[in-house]
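Here's the letter readout for the chains.
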Amino acid sequence: MSQELDAELSRIYERCIEEVRRIAALDPAKPVEGWNQYTCTSANEFASDVEMAWVRTHPEHEVRDTYRAIMDGVPVARASVSEDSPTSYITYGLASFARVLQCIDAMRAGRFDPQVPGGITRNDEG
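Residues numbered from 1 in each chain as written. Predicted model: local features only at pLDDT ≥ 70, side-chain atom pairs only at ≥ 80, totals over all residues. Heavy atoms only, no water.

Participant: I would appreciate a short explanation of the confidence of the model for the protein chain in the present structure.
Facilitator: Low-pLDDT portions of the prediction should not be read for the details of their coordinates. Averaged over all residues, the pLDDT of the protein chain equals 84, while 86% of them reach at least 70. The weakest mean pLDDT in the protein chain belongs to helix 2 (residues 35-57) at 84; the strongest belongs to helix 1 (residues 3-24) at 92. (pLDDT = per-residue confidence, 0-100. Helix = DSSP H or I, 4+ residues; strand = E, 2+ residues; numbered from the N terminus.)

Quick look at the structure:
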């Protein structure tokens, strides 16, 4: 992995951790205006940052495929997030951030490949 990519992923990783802490501290019983939308869009923006960092150093990979490899692995479907359920926004936000962090770890370990299903190869796959 290039030093440039590693440095950029480190910056994104640290910012993601800060956002995870912020989202985890939200109280669904006392929602703040706009926080529901924030939890859904913030992780997507981080995924875009990771995607762009990856594609800059791996021009053979398509931007769209790389983004899908990151965000299609989120175990909670965005469409399932109910506007009436503050907890579902928090769950989606945390699951999305977890996926972004998982992909960063896979990139660092040389196991990220946007052309394989799920974007992450297993340890025993080449």
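Participant: What should I look at first to understand the nonpolar core in this one?
Facilitator: Nonpolar side chains in soluble globular proteins tend to end up buried together. Membership of the largest hydrophobic core comes to 30 residues, with the highest contact counts inside it found for Cys16, Val50, Ile70, Met71, Val100, Met107 and Phe112. When residues of this core are traced back to their parent elements, those giving at least two are helix 1, helix 2, helix 3 (63-71) and helix 4 (86-108). By residue number, the principal contributor to this core is helix 4, which donates eleven residues. Setting aside residues up to four positions removed in sequence, Phe112 forms contacts with Trp54, Thr66, Ala69, Ile70, Cys103, Ala106, Met107, Gly119 and Ile120. (Core = buried A, V, L, I, M, F, W, Y, C linked by side-chain atoms within 4.5 Å. Buried < 20%, exposed > 50% of the residue type's maximum accessible area, 1.4 Å probe, protein only. Contact = heavy atoms within 4.5 Å.)

Participant: Got a minute to help me understand the environment of Val55 in this structure?
Facilitator: Here Val55 lies in helix 2. With twelve residues separating them in the primary sequence, Val55 and Tyr67 have C-alpha atoms 9.8 Å apart. Non-local contacts of Val55, meaning those with residues more than four positions away in its chain, are made with His61, Glu62, Val63 and Thr66.

Participant: Got a minute to help me understand the pattern of salt bridges in this structure?
Facilitator: Note on pairing: side chains with opposite charge can pair once their charged atoms come close. Applying the stated rule across the entire model yields four salt bridges. We note a salt bridge from Arg108 to Asp6, for which the minimum N-O separation is 3.4 Å. Pair noted here: Arg108 is in helix 4 and Asp6 is in helix 1, with a separation of 102 residues, a long-range link. With relative accessibility at 33%, the residue Arg108 sits in the partly exposed group. Among the ionic pairs, Arg15 bridges to Asp49, the shortest N-O distance being 2.9 Å. (Salt bridge = Lys/Arg side-chain N within 4 Å of Asp/Glu carboxyl O.)

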